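Observations on chain architecture
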Amino acid sequence: RHFVLEHVELRSESRLGLGGISVGMSIPGNGELVAFPGVVVERIPELRNYRYFVFEKEVAIVEPESSRIALVIDSTR
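Attention in this report is confined to the structure presented alongside it. Remember, predicted model here, so these are calculated numbers, not experimental data.

**Quick notes on the overall build of the protein**
- Across its full length, the protein carries two helices and four strands.
- Going from the N terminus to the C terminus, the protein shows its helices and strands as α-β-α-β-β-β.
- By the burial criterion, 32% of the 77 residues in the protein qualify as buried.
- Here the protein has roughly 4,900 Å² of accessible surface; of this, 46% comes from carbon and sulfur atoms.

**Some thoughts on unusual backbone geometry**
- Even without being glycine, Lys57 reaches a positive phi, approximately 70°.
- Looking at the element boundaries, Lys57 is found in the loop between β2 (51–55) and β3 (58–62).
- Classification of Lys57 by relative accessible area gives exposed; the value is 53%.
- A positive phi angle, near 60°, is found at Ser67, a position not held by glycine.
- Mapped onto the secondary structure, Ser67 falls in the loop between β3 and β4 (69–74).

**Points about the sheet that holds strand β1 (residues 34–35)**
- The strand order across the open sheet formed by four strands is β1-β2-β3-β4, and the pairing between neighbours is antiparallel. Strands with a single pairing partner mark the edges of an open sheet, and in this sheet they are β1 and β4.

**Re the nonpolar core**
- Val4, Phe36 and Val59 are the most contacted members of the largest nonpolar core, which totals 13 residues.
- Of all the secondary-structure elements, those providing two or more residues to this core are α1 (2–7), α2 (38–43), β2 and β3.
- Of all the elements, α1 adds the most residues to this core, at three residues.
- For Val59, the residues in contact, after removing those within four places along its chain, are Leu5, Val8, Leu10, Tyr52, Phe53, Val54, Leu71, Val72 and Ile73.
- In this structure, Ile27, Phe53, Phe55 and Ile69 belong to the second largest nonpolar core, which totals eight residues.

What counts and what doesn't
- Within each chain, residues carry numbers counting from 1 in the order of the written sequence.
- Predicted model: local features are reported for residues with pLDDT of at least 70 only, side-chain atom pairs are reported and counted for 80 or more only, and whole-chain, interface and lining totals are derived from all residues.
- The side-chain figures draw on all heavy atoms in the structure; neither hydrogens nor water molecules are used.
- In this description a helix means any DSSP run of H or I spanning at least four residues, a strand means any run of E spanning at least two, and both kinds are numbered starting from the N terminus.
- The classification of residues rests on relative accessible area computed with a 1.4 Å probe and restricted to protein chains. Under 20% of the type maximum is buried, over 50% is exposed, and intermediate values are partly exposed.
- In this description, accessible areas are obtained by the Shrake-Rupley approach with a 1.4 Å probe, and a residue is regarded as covered only by the protein chains that are shown.
- Only strands joined by at least two bridges in the DSSP assignment are considered to pair.
- As used here, the term nonpolar core means buried Ala, Val, Leu, Ile, Met, Phe, Trp, Tyr and Cys residues forming a set that is joined through side-chain atoms within 4.5 Å.
- Contacts are assigned to residue pairs with any non-hydrogen atoms lying within 4.5 Å of each other.

The structure is reproduced here in structure tokens:
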């Protein structure tokens, strides 16, 4: 988790219009999702097709098939 936080753009706050986020939550189809940087994918190849977004200092990792949040990482910890 720490490695991912070191390499994603935490200042790119999402504009999904969500009131909050949680694991399993479905993301709207018009959401602005970002691909992981190459350095992350090289170390964690499983994230190649996953996307992420930042919401209130949390990084939400979104599953490619279901568009649901698979994991939320709190960047303040």
